[in-house]
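# Understanding the architecture of this molecule
Below, each chain spelled out in residue letters.
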Amino acid sequence: MLFAIDAAGLARDVAFITDGQLSGLCLKGLTIAEVAPEAAVGGPIARVRNGDRIEIDVAARRLDLAVAADELARRPAPGNAFPVPADGWLGIYRRDVQPMATGAVLLDLPVGGRD
């Protein structure tokens, strides 16, 4: 997608926002990645629609979806966020790591790990 934005000559006019990771080779224009697993957990990114305004304050490190709370509540949440089971490290990450917005740290686990 970033290459398409750049190829269309829009890199200076369009921000690219994703909750995924990106290669450093594709960072052109304002690019915001690894926001959090927002879409997967039904957060605001999962509810963005064409025409929505997203306010970006780079200095304050803030990204806000400028849509009224009642409108967001009316929009359907995504279905099964993780249709494919994850084993190993990815499964541990999904289960035990908080989103970046809350520090991306491990959740409090009981002594000895999970039951």
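Just so it is clear, the model here is predicted, and its values are computed rather than measured.

What follows covers the environment of L65. Inspection of the secondary structure assignment puts L65 in strand 4 (residues 62–65). Contact partners of L65, with chain neighbours within four places excluded, come to P44, V48, D52, R53, I54 and L72.

Here we come to the pairing of strand 4. The sheet contact formed by strand 3 (residues 54–57) and strand 4 spans four bridges and is antiparallel. Counterpart to D57 in the pairing with strand 4 is R62. Where strand 3 hands over to strand 4, the hairpin turn is made up of four residues, of which R61 adopts a positive phi near 55 degrees.

On inspection of all chains with the given rule, the structure shows five salt bridges. The residue R62 makes a salt bridge to D64 at a minimum N-O spacing of 2.6 Å. The partly exposed category is assigned to R62, whose relative accessible area is 46%. Each member of the salt-bridge network shares a partner with another, and the members are D52, D70, E71, R74 and R75.

What counts and what doesn't
Going along each chain's sequence as written, the residues are numbered from 1 onward. In keeping with the predicted nature of the model, local features appear solely for residues at pLDDT of at least 70, side-chain atom pairs appear and are counted solely at 80 or more, and the whole-chain, interface and lining totals rest on all residues. Remark: hydrogens and water are excluded; side-chain values derive from all non-hydrogen atoms of the structure. Put simply, DSSP H or I for four residues or longer makes a helix, DSSP E for two residues or longer makes a strand, and each gets a number counted from the N terminus. The contact rule is simple, with two residues in contact once any of their heavy atoms fall within 4.5 Å. Strands are labelled as partners when DSSP assigns at least two bridges between them. The term salt bridge refers to a side-chain nitrogen of Lys or Arg lying within 4 Å of a carboxyl oxygen of Asp or Glu. Three exposure classes are used, based on accessible area relative to the maximum for each residue type with a 1.4 Å probe and protein chains only: buried under 20%, partly exposed in between, and exposed over 50%.

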